[in-house]
Amino acid sequence: MSAEITVNSPEQMRELGRRLAKLLRAGDLVMLSGELGAGKTTLTRGLGESLGVRGAVTSPTFVIARVHPSLGDGPPLVHVDAYRLSGGLDEMEDLDLDVSLPESVIVVEWGEGKVEELTDERLQVVIHRAVGDTRDEVRHVTVTGIGPRWAAVDLAVLTA
Ligand SMILES: Nc1ncnc2c1ncn2[C@@H]1O[C@H](COP(=O)(O)OP(=O)(O)O)[C@@H](O)[C@H]1O
Ligand SMILES: [Mg+2]
């Protein structure tokens, strides 16, 4: 279960986040990976907009995890920037994400090797800058659903 999307601008990346949000519900974990400046936070911003949560999604400088409560009756968005975690798993465990996961949507930037143990089920989003492409706003995004939760979800809606 996988979808490949070409994104041509920051606005399109936000739009992808908005579309992605429509697939999400409480208990879902989304892992975003990609180099610094790939667009992970930009995508999360669109996701937060569509979920209708309070507060702008930003790149946290000191905070590792930020909770954005829903303005309606939807799940809160927990936004984690694991890139800044030096201590790896121990530090990650201190965040008690396993406690918040059932009632939240958790989005982790750069969590490879750190958060897989939270759940067997996750949506994996990998963002690549186009190699050798002179248009530096082009990104290739691969979205893969892992686990039974995602087996019946049609990720093709993301490409529309
Ligand atoms: N297609 C694109 N998608 C997302 N961001 C883009 C794109 N093209 C250029 N950018 C720029 O790249 C930067 C991405 O920043 P950010 O989302 O914070 O990345 P990350 O969280 O992966 O480090 C922003 O300055 C954004 O304007
Ligand atoms: Mg970021």
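Every chain is numbered on its own, with residues counted from 1 as its sequence reads. Written order decides the labels, with chains lettered from A and ligands numbered from 1. The predicted nature of this model means local features are confined to residues of pLDDT at least 70 and side-chain atom pairs, given and counted, to a pLDDT of 80 or more, with totals for whole chains, interfaces and linings taken over all residues. Processing note: side-chain calculations cover all non-hydrogen atoms of the structure and skip hydrogens and water entirely.

By definition, the strands of a sheet pair up through backbone hydrogen bonds, in either a parallel or an antiparallel sense. If DSSP finds at least two bridges between two strands, the strands pair. The way it works is that DSSP assigns letters per residue, a run of H or I at least four long becomes a helix, a run of E at least two long becomes a strand, and they are numbered from the N terminus. The sheet built from 7 strands is open, its strands ordered β1-β7-β6-β2-β5-β4-β3 with mixed pairing. Of all the strands in the sheet, just β1 (2–7) and β3 (65–68) have a single pairing partner and so form its edges. On average, each strand axis in the sheet is tilted by 15 degrees relative to the strand beside it, whichever way the strands run. Where β3 meets strand β4 (residues 77–81), 4 bridges bridge the pair, whose relative direction is antiparallel. Looking at the pairing, R66 lines up with H79 of β4. Strands β1, β6 (122–129) and β7 (139–146) of the sheet are contacted by helix α1 (residues 10–21), whose axis makes an angle of about 150 degrees with β1. Every axis in this analysis is a line fitted to C-alpha atoms, fitted for helices over the stretch in contact. Angles between the N-to-C directions lie between 0 and 180 degrees. Contact definition: two residues touch when any of their heavy atoms are within 4.5 Å.

Attention now goes to the site of ligand 1. The full set close to ligand 1 counts 16 residues, and G37, K40, T41, T42 and E137 are the nearest of them. Pairs of N or O atoms are called polar contacts if they sit within 3.5 Å, as long as, within protein, a hydrogen donor faces a hydrogen acceptor (for residues adjacent in sequence, only side-chain-to-side-chain pairs). Take A38: an N or O atom from its main chain is 3.2 Å from an oxygen atom of ligand 1. A distance of 3.0 Å separates an oxygen atom of ligand 1 from a polar backbone atom of G39. In isolation ligand 1 has 560 Å² of accessible area, and contact with the protein removes 76% of it. Of all elements in the fold, only α1 and α2 (40–51) reach the threshold of two or more residues within the shell around ligand 1. Ranked by residues supplied to the shell around ligand 1, first place goes to α2 with 3 residues. To be near a molecule or strand, a residue needs just one of its heavy atoms within 4 Å of it. Only the protein chains shown count as covering a residue, and every accessible area follows the Shrake-Rupley method with a 1.4 Å probe.

Glancing now at the packing of α1 against α2. In the contact formed by α1 and α2, the axes pass within 7 Å of each other and the chain directions differ by 45 degrees. The angle between the axes of α1 and α2 places the two elements in the oblique class. Between α1 and α2 the crossing geometry is right-handed. Contacts between α1 and α2 involve P10, M13, R14, L16, G17, R18, L20 and A21 from the former and T42, L43, R45, G46, L47, E49, S50 and L51 from the latter. Three residue categories are used. Nonpolar comprises Ala, Val, Leu, Ile, Met, Phe, Trp, Tyr, Cys and Pro, charged comprises Asp, Glu, Lys and Arg, and polar comprises the others, including Gly. In the contact of α1 with α2, the residues fall into 8 nonpolar, 4 polar and 4 charged. What sets the label is the angle itself: under 35 degrees gives roughly parallel, over 145 gives roughly antiparallel, 65 to 115 gives roughly perpendicular, and the rest give oblique. In a left-handed crossing the near helix is turned counterclockwise from the far helix by less than a right angle, and in a right-handed crossing that turn is clockwise.

Secondary-structure assignment places V7 in strand β1. To sort residues, take the accessible area from a 1.4 Å probe on protein chains only and compare it with the maximum for the residue type: under 20% means buried, over 50% means exposed, and anything in between is partly exposed. Overall, the relative accessible area of 2% leaves V7 in the buried class. In this structure, the C-alpha to C-alpha distance between V7 and R139, residues 132 residues apart in sequence, is 5.1 Å. Ignoring anything within four residues of it in the chain, the contact list for V7 reads Q12, M13, L16, E137, V138, R139 and V141.

Taken together, the side chains of E93, D94, D96 and D98 make up a negatively charged region of the molecular surface. Considering the arrangement of structural elements, one finds E93 in helix α3 (residues 89–94). Patch membership requires over 30% relative accessible area and the absence of a salt bridge. Like charges are linked within 9 Å, and nonpolar side chains (Val, Leu, Ile, Met, Phe, Trp, Tyr) within 5 Å. Think of a salt bridge as a Lys or Arg side-chain nitrogen and an Asp or Glu carboxyl oxygen that are within 4 Å of each other. A residue counts as positive if it is Lys or Arg and as negative if it is Asp or Glu; His and the chain ends are not included. Where a charge sits is defined by one atom per residue type, namely NZ (Lys), CZ (Arg), CG (Asp) or CD (Glu).

With that settled, consider the coordination of the magnesium ion (ligand 2). Around the magnesium ion (ligand 2), the donor atoms from the protein are T41 (OG1) and E109 (OE), and they sit 2.1 to 2.2 Å away. Of this pair, T41 sits in helix α2 while E109 sits in strand β5 (residues 105–109), placing them 68 residues apart in sequence. For the pair formed by T41 and E109, the shared burial category is buried. Water is absent from the atoms considered, so a metal site may look incomplete; donors are defined as N, O and S atoms within 2.8 Å of the metal, or 3.2 Å for Na, K and Ca.

Remember that the coordinates give geometry; whether it matters functionally is a separate question.
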